[in-house]
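Structure assessment
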Amino acid sequence: SQKIEQNSEALNIQEGKTATLTCNYTNYSPAYLQWYRQDPGRGPVFLLLIRENEKEKRKERLKVTFDTTLKQSLFHITASQPADSATYLCALGGYGGSQGNLIFGKGTKLSVKP
Amino acid sequence: NAGVTQTPKFRVLKTGQSMTLLCAQDMNHEYMYWYRQDPGMGLRLIHYSVGEGTTAKGEVPDGYNVSRLKKQNFLLGLESAAPSQTSVYFCASNYGNRGSYNSPLHFGNGTRLTVT
């Protein structure tokens with residue numbers, strides 16, 4: 001069955017450093033991948049989308065890579081700030097736009113210490 | 001714009017009781033979804049709708065029913081609540097298909113349901 005794993009449940013880093021979160025998947029060939037941020041007591045908020053034919057996407061301090069050979073996506077936050085502390089979710093989408101094919105990982109809780 | 005609004009925010013039910021969770025979006029989105037989020041499980045799709053008057057089952061549909069009578073509203077019903085349905089429920093919406101991928105989801109802030 002399809003499986004999506006985010007590298008760890010929690011990641012603690014120092015302010016100013018680069019945070020790197022990992023999303024691995026098996027038994028799946030996604031057409032695209034999305035990253036969301038979720039704060040406590042709130043719904044997820046969309047951050048970035050990357051398609052299978054794209055290697056890298058950037059948005060301000062955020063960067064996402066997508067390696068379909070390794071079956072892995074990396075999500076980077078450069079010059080991290082305490083305000084970046086949240087849970088980050090990756091989600092995979094399949095071919096044909098089928099609404100049922102968006103699969104979410106369990107998330108990685110990022111804590112940025114001042 | 002309010003985005004996606006869910007009501008109620010919190011609810012406690014006794015086993016066997018029924019209730020309806022309400023979701024409204026003001027973005028004119030075609031597609032709407034109901035997810036549940038449990039510790040250690042991630043978000044799982046319960047039901048979804050690709051347009052007014054249509055519904056479809058997701059990954060975990062048992063024990064739930066849905067209706068989409070108006071484009072802006074998506075209702076999730078629990079006919080006979082069970083403790084296993086204790087969870088946080090999120091409604092989401094989007095424009096649906098955009099070529100080879102689905103447009104990003106817009107989520108509400110959830111309904112925390114406890115079934116005792």
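The present account deals with the structure reproduced in this document.

Residues and elements named next belong to chain B. By the secondary structure assignment, Q6 is in strand β1 (residues 4-7). For Q6, a relative accessible area of 5% gives the class buried. At 3.0 Å, the side chain of Q6 and the backbone nitrogen of G110 are in polar contact. Beyond its immediate chain neighbours, meaning those up to four positions away, Q6 contacts L22, W34, Y89, F90, C91, G108, N109, G110 and T111.

Soluble globular proteins: nonpolar side chains tend toward being buried together. Residues and elements named next belong to chain A. Formed by 24 residues in total, the largest nonpolar core has its most connected members in L21, L33, W35, F75, I77, Y88 and L110. Mapped onto this core, the elements with two or more residues apiece are β2 (10-14), β3 (19-26), β4 (32-38), β5 (45-51), β7 (62-67), β8 (72-77), β9 (86-93) and β11 (108-113). Not counting chain neighbours up to four residues away, the residues in contact with Y88 comprise Q6, L21, W35, Y36, R37, L47, F75, I77, G107, T108 and L110.

Attention now goes to unusual backbone geometry. The omega torsion of the bond from T7(B) to P8(B) falls at -5 degrees, within 30 degrees of zero and hence cis. One can find P8(B) in the loop between β1 and β2 (10-13). At E60(A), a position not held by glycine, the phi torsion is positive, near 55 degrees. Non-glycine residue N28(B) carries a positive phi angle of around 60 degrees.

This paragraph deals with the interface of chain A and chain B. A common measure of how large an interface is: the accessible area buried when the components associate. Contact residues are listed per partner, giving 23 residues for chain A and 24 residues for chain B. Taken over both partners, the interface formed by chain A and chain B buries close to 1800 Å², and the fraction arising from carbon and sulfur atoms is 54%. Viewed at the interface, chain B and chain A are joined by zero salt bridges. The interface formed by chain A and chain B holds four residue pairs in polar contact (both at pLDDT 80 or more) in total. Among the secondary structure elements, those contributing two or more residues to the side of chain A that touches chain B are β4 and β5 of chain A. Broken down by element, the side of chain A that touches chain B gets its largest block of residues, four residues, from β4(A). Class assignment for the residues of the side of chain A that touches chain B results in nine nonpolar, eleven polar and three charged.

When the charged atoms of two side chains with opposite charge come close together, those side chains can pair. A full pass over the atoms with the stated rule returns eight salt bridges over all chains. Residue R61(A) is joined to D84(A) by a salt bridge in which the shortest nitrogen-to-oxygen separation is 2.9 Å. One end of the pair, R61(A), is in the loop between β6 (56-59) and β7; the other, D84(A), is in the loop between β8 and β9, with 23 residues separating them in the sequence. In this structure, K71(B) engages E30(B) in a salt bridge whose closest nitrogen and oxygen atoms are separated by 3.3 Å. Placement of the pair is K71(B) in the loop between β7 (64-67) and β8 (73-78) and E30(B) in the loop between β3 (19-25) and β4 (31-38), with a sequence separation of 41 residues. Since its relative accessible area comes to 21%, K71(B) is described here as partly exposed. If you follow the salt bridges from partner to partner, you end up with R36(B), D38(B) and R44(B) in one network.

About the cut-offs
- Residue positions within a chain follow its written sequence, with the count starting from 1.
- Written order decides the labels, with chains lettered from A and ligands numbered from 1.
- Totals for whole chains, interfaces and linings use every residue, but because this is a predicted model, local features are given only for residues with pLDDT of at least 70 and side-chain atom pairs only at 80 or more, for both listing and counting.
- Think of the side-chain values as coming from all heavy atoms in the structure, minus any hydrogens and water.
- The secondary structure listing takes helices from DSSP runs of H or I that are at least 4 residues long and strands from runs of E that are at least 2 residues long, numbered from the N terminus.
- Accessibility here uses a 1.4 Å probe with only protein chains present; expressed as a share of the type maximum, an area under 20% marks a residue as buried, one over 50% as exposed, and anything in between as partly exposed.
- Pairs of N or O atoms are called polar contacts if they sit within 3.5 Å, as long as, within protein, a hydrogen donor faces a hydrogen acceptor (for residues adjacent in sequence, only side-chain-to-side-chain pairs).
- Residue contacts follow a heavy-atom distance rule, with two residues in contact if any of their heavy atoms lie within 4.5 Å.
- As used in this record, nonpolar core signifies buried Ala, Val, Leu, Ile, Met, Phe, Trp, Tyr and Cys residues forming a set joined through side-chain atoms within 4.5 Å.
- Accessible area that two parts lose when put together, evaluated with a 1.4 Å probe and summed over both, is termed the buried area.
- Here a salt bridge means any side-chain nitrogen of Lys or Arg lying within 4 Å of a carboxyl oxygen belonging to Asp or Glu.
- Each residue is assigned to one class: nonpolar for Ala, Val, Leu, Ile, Met, Phe, Trp, Tyr, Cys and Pro, charged for Asp, Glu, Lys and Arg, and polar for all the others, Gly among them.

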